[in-house]
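A look at the structure
Single-letter residue listing:
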Amino acid sequence: MDDAEIMGSINDFNEAKQVIPGGVNSPVRAFLSVGGTPRFIKEAQGAYIIDVDGNPYIDFVQSYGPLILGHSHEFVIKEIEHALKKGLSYGAPTESETKLAKEIVLNSEGVDKVRLVNSGTEATMSAIRLGRAFSGRDDIIKFEGCYHGHSDSLLVKSGSGLATFGETSSKGVIADVAKHTLVARYNDIDSVKACIEASKNVGVVIIEPIAGNMGLVPADVGFLQNLRQLCDKHNIVLIIDEVMSGFRASFKGSYPYYKVVGDLYTFGKVIGGGMPLAAFGGRGDIMDLLSPVGGVYQAGTLSGNPIAVTAGLATLSVLKKDLSVYDRLESLANRFATGFSQLAKKYDVPLVTAVRGSMVGFFFNDTSVKDWDSAAKSDTQFYARFHSKMLDKGVNFAPSQFETSFICTAFDNVIIDSVLEKIEACLQELKSE
């Protein structure tokens, strides 16, 4: 597309930059990793988003995961409209909150109780505070390449040595906070052991069992099972971050893939059906440390917002009616990944793919991707060119090599095959440049 075809987005972006830092409310949306102008969206339906200039795009972002039913699902919208007439927020308990909490508890292994919050960042921050209180220890371990939100304890990257304490990855995070976070290597149990030995005060380990923020990098089964055993041995609280994979990789999240039960969990995205909603939960004895029962304080004015809860309940109810939908979504994801791999081989383009349920990832990389170090070897410049050309052809992938793509129920074989045709045309053009 030339500038004339996206002039509305260009104008909107320039105007936004006058009043919003960088013109966006979340950094990746600024297109800094891929270049060009971010599309400003006016509406969306099913598998498509439509920008302010009227250009439609097949959408593999799906709001970064929540919209497993696609954009503007008829039943979800209907339920939200019904709830809107009753009020936007009460600052008081509702029956709907309990219903959603029950859905999460009943369909999640190892979760006895949950508390609803507004974002994944809030969920992970609160779970870590709770884990520290239960363990009585200050230090935590996270994994390089896993993203758990932007709270101070988690904006930490690996230090200069394998078992050193982390260094801040954002200005404004003070060293006295970062010093309590150690960073281990994903899928490397020896690096976790080294961190535990170096600290001697680790109370919490937090991990994405299916990492989605360094691209899609699933944990090895043996690694996650060994991590569980290691936490048991050292009385460490294991937090399994299912903000992205919960009710997305399967209706029971990561559990069917690993059979590993955490002490605490965090959820988000799908459980809010596209509205701001998340949760943390887990063992009853740990959760009961929360105020007003225990001494760990956490609160939120809009926690359990009735409109967000309604969207989440509507989404889960649609999924529960026919759980075979997960098999269909995974089949579509595999169709995309297999077709893409075949095209990449045809045009001699290095490519690595991964699929977990309706989550699909791809790297322009010639090595197996198991952790952040291997993911970082991907050709980000090639991805930027690929992204731009695919956007011009009406396909929206995330504006970063290190994000996950998502399949929704509005996708079908026809859509997937049309995307693969566009990918082939794109690869032909890129290889001829």
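Note that the coordinates shown come from a computational prediction; the quantities given were computed from them, not determined experimentally.

An order of E15-E16-E18 is seen for the three strands of this open sheet, with the pairing classed as antiparallel. Every interior strand has two partners, whereas the edge strands, strand E15 (352-356) and strand E18 (405-406), have only one. With respect to the sheet, helix H11 (residues 325-346) is in contact with E15 and strand E16 (359-363), its orientation differing from that of E15 by roughly 175 degrees.

Before going further, it helps to spend a moment on helix H6 (residues 189-199). All buried positions along H6 are accounted for by Ile189, Ser191, Val192, Cys195, Ile196 and Ser199. For H6, the arc enclosing every buried residue in end-on projection is 160 degrees, short of the 170-degree limit, so these residues lie on one face. Summarising the geometry of H6, the exposed residues directed more than 90 degrees from the buried face are Asp190 and Glu197. Taken together, the buried residues of H6 touch strand E5 (139-143), strand E8 (181-184), strand E9 (202-207) and helix H7 (221-233). Two or three places before Asp190, at the start of H6, stands the capping residue Asp188, its side-chain oxygen 3.1 Å from that residue's backbone nitrogen. At the C-terminal side of H6, Lys200 shows a positive phi close to 60 degrees.

Take the nonpolar core next. Counting residues in hydrophobic clusters, the biggest one holds 112 residues, and the most contacted among them are Phe336 and Phe386. Residue contributions to this core peak at ten residues, all from H11. Looking at which domains feed residues into this core, each of domain 1 (3-60 + 323-432) and domain 2 (74-321) supplies at least three. In this structure, Leu130, Val237, Ile239 and Leu264 belong to the second largest nonpolar core, which totals 18 residues.

Let's shift gears to the sheet that holds E8. Strand-to-strand pairing in sheets goes through backbone hydrogen bonds, with the strands running parallel or antiparallel. Taking strand neighbours across the sheet as the criterion, the seven strands line up as E4-E14-E13-E12-E9-E5-E8 in an open arrangement whose pairing is mixed. Two strands in the sheet have a free side with no partner beyond their single neighbour: strand E4 (113-117) and E8. On average, adjacent strands in this sheet sit at an angle of 20 degrees to one another, irrespective of strand direction. In the sheet, E5 pairs with E8 via four bridges, with the strands oriented parallel. If you follow Ile140 over to E8, its bridge partner there is Thr181. Along the sheet, helix H3 (residues 95-106) contacts E4, strand E13 (264-267) and strand E14 (278-282); its crossing angle with E4, the most-contacted strand, is approximately 125 degrees.

Let us look at the packing of helix H2 (residues 74-84) against helix H10 (residues 306-321). Taken N-terminus to C-terminus, the directions of H2 and H10 make an angle of 150 degrees; their axes are 9 Å apart at the nearest point. In terms of axis orientation, H2 runs roughly antiparallel to H10. The handedness of the crossing between H2 and H10 is right-handed. Facing Phe75, Val76, Glu79, Ile80, Ala83 and Leu84 of H2, the residues of H10 in contact are Ile307, Thr310, Ala311, Ala314, Thr315, Ser317 and Val318. Counted by class, the contact of H2 with H10 contains nine nonpolar, three polar and one charged residues.

A few words on the domain arrangement of the protein chain. Interfaces are often described in size by the accessible area the parts lose on coming together. If you check the domain split of the protein chain, you get domain 1 (3-60 + 323-432) and domain 2 (74-321). Taking only C-alpha atoms, the centre of domain 1 and the centre of domain 2 are 26 Å apart. Taken together, the contacts link 25 residues of domain 1 with 26 residues of domain 2. Buried area between domain 1 and domain 2, both sides added, is near 2,100 Å², and the carbon and sulfur share of it is 60%. Taken together, the connections running from domain 1 to domain 2 amount to two salt bridges. Of the charged contacts in the structure, one is a salt bridge between Lys370 and Asp220, with a shortest N-O distance of 2.8 Å. Put simply, the parts of the chain that give the side of domain 1 that touches domain 2 at least two residues each are H11, E15, E16 and helix H12 (372-375). With four residues, the single largest contributor to the side of domain 1 that touches domain 2 is E16.

Looking at the secondary structure, you find Ser191 in helix H6. In this structure Ser191 comes out as buried when scored by relative accessible area, which is 0%. One polar contact links the side chain of Ser191 to the main-chain carbonyl oxygen of Asp188, over a distance of 2.7 Å.

Definitions and cut-offs
Residues numbered from 1 in each chain as written. Predicted model: local features only at pLDDT ≥ 70, side-chain atom pairs only at ≥ 80, totals over all residues. Heavy atoms only, no water. Pairing = 2+ DSSP bridges. Helix = DSSP H or I, 4+ residues; strand = E, 2+ residues; numbered from the N terminus. Contact = heavy atoms within 4.5 Å. Axes fitted to C-alpha atoms, helices over the stretch in contact; angles between N-to-C directions. Buried < 20%, exposed > 50% of the residue type's maximum accessible area, 1.4 Å probe, protein only. Arc of directions from axis to C-beta. Polar contact = N/O pair within 3.5 Å; in protein donor to acceptor, adjacent residues only side chain to side chain. Core = buried A, V, L, I, M, F, W, Y, C linked by side-chain atoms within 4.5 Å. Domains from an automatic or database assignment. Parallel < 35°, antiparallel > 145°, perpendicular 65-115°, else oblique. Left-handed = near helix turned anticlockwise from the far one by under 90°. Nonpolar A, V, L, I, M, F, W, Y, C, P; charged D, E, K, R; others polar. Buried area = accessible area lost by both parts, 1.4 Å probe. Salt bridge = Lys/Arg side-chain N within 4 Å of Asp/Glu carboxyl O.

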